[in-house]
Amino acid sequence: MSAAKRSRGFTLAELLVVLSIASLLLMAALPSMSSYLHRQQVVSAASQFLFALNLARSEAIQRGTRVDLAPREGNNWNRGWVVFVKAAGTGAPAYQTGDELLYSHQALPSALKVATRLSDRSAAYIAYNGSGRTRTHASALARQWGSWQFSLDGHVRLIRVTLAGRARLCNPADDTSCSFTDANETADTS
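Just so it is clear, the structure is predicted and the values come from calculations on it, not from any experiment.

Right, let's talk about the pairing of strand β9 (residues 167-170) for a bit. Where strand β8 (residues 155-161) meets β9, 4 bridges bridge the pair, whose relative direction is antiparallel. Directly across from Arg160, in β9, lies its bridge partner Arg168. Turn length for the β8-β9 hairpin, with the two strands adjacent in sequence and antiparallel, is 5 residues, and the turn residue Gly165 shows positive phi of about 100°.

Set out below in structure tokens:
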């Protein structure tokens, strides 16, 4: 066999060394990749919730009627959320048979947590009236405001809704005005 043919490939020992080095580099990168994925899950969930808030508000303005955003099941935002128009005469601020469903979001990953602080502690919901302002379930004149905190493995995003109904997404690590605890927000409904 000529010298040119022998030098074309790798020996088994060389291949094992290369695979060992590659596996060490991959193991070193996994913790940072895991942290990156957790941060992206938090950002994605918070952004999708912000979308639902903005959808509820814009639909309320467009339709000139009340539109609600509430958890899909009970008071647990982790199980997903729905945007809907209440049917006339139906009870609690939760999606029920007969309500018009506008948007539904699936459950979040089990490790991702959502905590809430809302001014109306009677149920987990936010409602908008036809002018795009928030309202409570009991009264079209009483305003609803609050915060939703999305967290996973030390990564946090916060959504705050003002008395005027405007929502904003912020990162408490970068923004000193982005705090989950506020004197006006005392109820944790999750």
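The next subject is the nonpolar core. If you look at the biggest cluster of nonpolar residues, it comprises 29 residues, and the most contacted ones within it are Phe49, Leu53, Leu69, Trp81, Trp148 and Phe150. At the level of secondary structure, the elements contributing two or more residues to this core comprise α2 (12-63), β1 (67-73), β2 (76-85), β4 (113-118), β5 (126-128), β7 (146-152) and β8. Here this core takes 10 residues from α2, the largest share from any one element.

Further remarks concern the environment of Val82. With respect to the element layout, Val82 can be found in strand β2. Residue contacts for Val82: discarding those within four places in its chain leaves Asp68, Leu69, Ala70, Pro71, Arg72, Tyr95, Leu101, Tyr103 and Ser104.

Residues Phe10, Leu12, Leu15, Leu16 and Leu19 make up a contiguous nonpolar surface patch of about 570 Å² in total accessible area. Residue position: Leu19 is located in helix α2.

Here the focus is the confidence of the model for the chain. When pLDDT is averaged along the chain, the result is 84; 88% of the residues meet or exceed 70. Note on residues 182-190: pLDDT is under 50 here. Beyond four places in sequence and across chains, it has 26 contacts.

With that out of the way, let us pick up the sheet that holds strand β3 (residues 100-105). Reading across the sheet, the 5 strands line up as β3-β2-β1-β5-β6 and stay open at both edges, with antiparallel pairing between neighbours. In this open sheet, the two strands that pair with only one neighbour each are β3 and β6 (134-135). In this structure, β1 lies alongside β2, joined through 5 bridges in antiparallel fashion. Within β2, the residue paired with Ala70 across the bridge is Val82.

With that settled, the discussion passes to the sheet that holds β7. Within the open sheet, the 4 strands sit side by side as β4-β7-β8-β9. Their pairing is antiparallel. This sheet does not close on itself; its edge strands, each paired only once, are β4 and β9. On average, each strand axis in the sheet is inclined to that of its neighbour by 15°, with strand direction left out of account. For β7 and β8, the ladder comprises 7 bridges, and the chain directions are antiparallel.

Rules of the game
Residues numbered from 1 in each chain as written. Predicted model: local features only at pLDDT ≥ 70, side-chain atom pairs only at ≥ 80, totals over all residues. Heavy atoms only, no water. Pairing = 2+ DSSP bridges. Helix = DSSP H or I, 4+ residues; strand = E, 2+ residues; numbered from the N terminus. Core = buried A, V, L, I, M, F, W, Y, C linked by side-chain atoms within 4.5 Å. Buried < 20%, exposed > 50% of the residue type's maximum accessible area, 1.4 Å probe, protein only. Contact = heavy atoms within 4.5 Å. Patch = residues over 30% accessible without salt bridge, like charges linked within 9 Å, V, L, I, M, F, W, Y side chains within 5 Å. Areas by Shrake-Rupley, 256 points an atom, 1.4 Å probe, with all protein chains shown as cover. Salt bridge = Lys/Arg side-chain N within 4 Å of Asp/Glu carboxyl O. pLDDT = per-residue confidence, 0-100. Axes fitted to C-alpha atoms, helices over the stretch in contact; angles between N-to-C directions.

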